[in-house]
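Notes for the structure review
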Amino acid sequence: MQPENENKLARQAEQDGSSRKKAVHSQASVIQIHPAGERIHPKKAEGRFAKLRILAVLATQFVFYVIPWFNWSGRQAVLFDIPDRHFYIFGLSLGMGDLIYLALLLMICAFGLFWWTTIAGRLWCGYSCPQTVYTEIMLWIDNLVEGDRNKRLKLEKAPWNFEKIRIKATKYLLIFLFCAWTGITFAGWFNPIREFVPALFTFNAGGGAIFAAAFYGFVTFFFAHIMREKVCLHMCPYARFQSAMFDKDTLIISYDVERGELRGARKKNVDPKEAGLGDCINCAMCVQVCPVGIDIRNGLQYQCIGCAACIDACDEIMDKMNYPRGLIRYTTEGALEHEYEEKDIKKRLKRPRVAGYGAVLAVVVIAFLVGISHRKMVEVDILKDRGVMVRENSKGWLENAYNLRIINNSEREQVLTASVSGFEDIALTGLPEDGIKIAPRETVTVPVQVSTIPEYADKGSHPLQFTFRYHESGAEEQTVITEDAVFIGE
Ligand code: SF4
Ligand code: SF4
């Protein structure tokens, strides 16, 4: 539809007495920039939010590509060692006995996201979600090799010739290299990367690591290059349930209907008020830059990933027209409906929903910090041997059998000794007198026996207390832990 015709229809709507909101959704407002079913080729947006997105991509990708190469205390700083069932996160070393801390870390991420979404809407999606970030990188490659939107559209329609093959081959070579390196890096989070990468190039890498690299490389290609915005539109569950976290005070990106309507083309020197127009010149730049292909002027839509490209595009137009910036801007529904002024948006942080998610997040963070600071390097589980309830040993004492499951959570060899109390005469056998040595991150199960004089242990169960002392091999300082158990009498 030509701008002149749109303008005419919009004016007609006003003359007919339609409200401004109606006009927004009138036929005049419908602009089909990205034909349904066809690949979206967004125009490159430039401006302050585009710069922020570049910074976000660089920051997140620095974490992803560079952190695995850092060492910490002589090993990879961050390593999720699945075969060894041990995770290392800088100074933190978590084994299978520490699943609770991993669960708490996941809960912190989840509640942190809920809390952040309630405050800032889809800021996470727009700037740091891996799908957005990798799609953005793919768009950089598109732009670099094929040019901006118009050139890409022209290339799509052009017949296959040498030039088109050359451009496409160059693009896919870059995409292949990028996806391959992404896959290799991903595998390096789970396998020592300083060994894995040289082994890969000398054909000595393990099959599991090669599979992880190839799989993640393909996943990157498929989701970031082939699927792109379709993941956000049709597959991402977060896009669906985040509306439950939104309220009237959540930060959103919105088109200012009151200011923008009636939209329509006009010359730069025409006074919009005199022409009966709002500030939207209906240039559709906001639609052209949108990576998910929506028109923000149709209101808040679940497809919007909050990337702010439309803000940059519209601000540029406003500058050219000498209109104030912010026809599309970060705001809240409450501010748009004049429940409070835009300058008071920050004050709306103090509301029950934000406080609720914040409180839950704080509880989980405190639980994690307290737990991790009180975490024992060695843990002992006392398991009663159910096959042997009570028996008489060679001394004529009553004896119960137990299995001690000893978990060394540390990265140093630990030496553990044990004693038991509960009766006046009591003996513990099964452990070497100078202690049992447990290798770093090892779990061992040791059968032990507790015995006592029969007259102390009449029928029924009697409380016992095990005392364990452990220390690092070669070190003097001991840590003491006590565990309760029961002794079954005659
Ligand atoms: S970029 Fe701004 S002026 Fe142009 S159509 Fe979008 S809202 Fe209207
Ligand atoms: S509507 Fe604007 S903020 Fe939302 S996805 Fe499109 S360009 Fe990004």
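In case you missed it, the structure is sitting above this.
Residues numbered from 1 in each chain as written. Chains lettered and ligands numbered in written order. Predicted model: local features only at pLDDT ≥ 70, side-chain atom pairs only at ≥ 80, totals over all residues. Heavy atoms only, no water.

**Considerations on the overall build of the chain**
To keep things clear, this is the line we draw: Numbering of helices and strands runs from the N terminus, with a helix taken as a DSSP run of H or I at least four residues long and a strand as a DSSP run of E at least two residues long. As a reference, a globule follows 2.2 Å times the number of residues to the power 0.38, and the radius of gyration itself is taken over C-alpha atoms. Burial here depends on accessible area, computed with a 1.4 Å probe over protein chains only, as a share of the maximum for the residue type. Under 20% is buried, over 50% is exposed, and the range in between is partly exposed.
When you go through the chain residue by residue, the secondary structure sums to 17 helices and 16 strands. Relative to the compact-globule value of 23 Å for 490 residues, the chain shows a C-alpha radius of gyration of 33 Å, a clear excess of over 25%. A principal-axis box enclosing the C-alpha atoms of the chain has dimensions of 110 × 60 × 35 Å. In the chain, buried positions account for 47% of the 490 residues.

**As for the site of ligand 1**
For the record, the criterion: Definition of nearness: a residue and a molecule or strand are near each other if at least one heavy atom of the residue lies within 4 Å of the molecule or strand. For this scheme, ten residues count as nonpolar: Ala, Val, Leu, Ile, Met, Phe, Trp, Tyr, Cys and Pro. Four count as charged, namely Asp, Glu, Lys and Arg, and the remainder, Gly too, count as polar.
Every residue lining ligand 1 is accounted for by Tyr-255, Cys-280, Ile-281, Asn-282, Cys-283, Ala-284, Cys-286, Arg-297, Cys-314, Met-318, Leu-327 and Ile-328. Of the residues assigned to the shell around ligand 1, the class counts are ten nonpolar, one polar and one charged.

**Quick word on the sheet that holds strand β3 (residues 78-81)**
Operational definition: Here, strands pair whenever DSSP counts at least two bridges between them. Between N-to-C directions, angles span 0 to 180 degrees; the directions come from axes that are lines fitted to C-alpha atoms, helices contributing only their stretch in contact.
The strand order across the open sheet built from three strands is β3-β4-β5, with neighbouring strands paired in antiparallel fashion. Of all strands in the sheet, those with a lone pairing partner are β3 and β5 (92-94), marking the two edges. When strand polarity is set aside, the average angle formed by the axes of neighbouring strands in this sheet is 10°. When strand β4 (residues 86-89) meets β5, the two strands line up antiparallel, connected through three bridges. Of the residues in β5, the one forming a bridge with Tyr-88 is Ser-93.

**Structural notes on a nonpolar patch on the surface**
To keep things clear, this is the line we draw: Each patch groups residues whose relative accessible area exceeds 30% and which form no salt bridge, using 9 Å between like charges and 5 Å between nonpolar side chains of Val, Leu, Ile, Met, Phe, Trp and Tyr. Note on areas: Shrake-Rupley with a 1.4 Å probe; residue coverage comes only from the protein chains shown. For this document, the term salt bridge refers to a Lys or Arg side-chain nitrogen within 4 Å of an Asp or Glu carboxyl oxygen.
Where nonpolar side chains cluster on the molecular surface, the patch consists of Leu-52, Ile-54, Leu-55, Leu-58 and Trp-140 and spans about 460 Å² of accessible area. Per-element tally for the nonpolar patch: the top contributor is helix α3 (residues 48-66), with four residues. Inspection of the secondary structure puts Leu-52 in helix α3.

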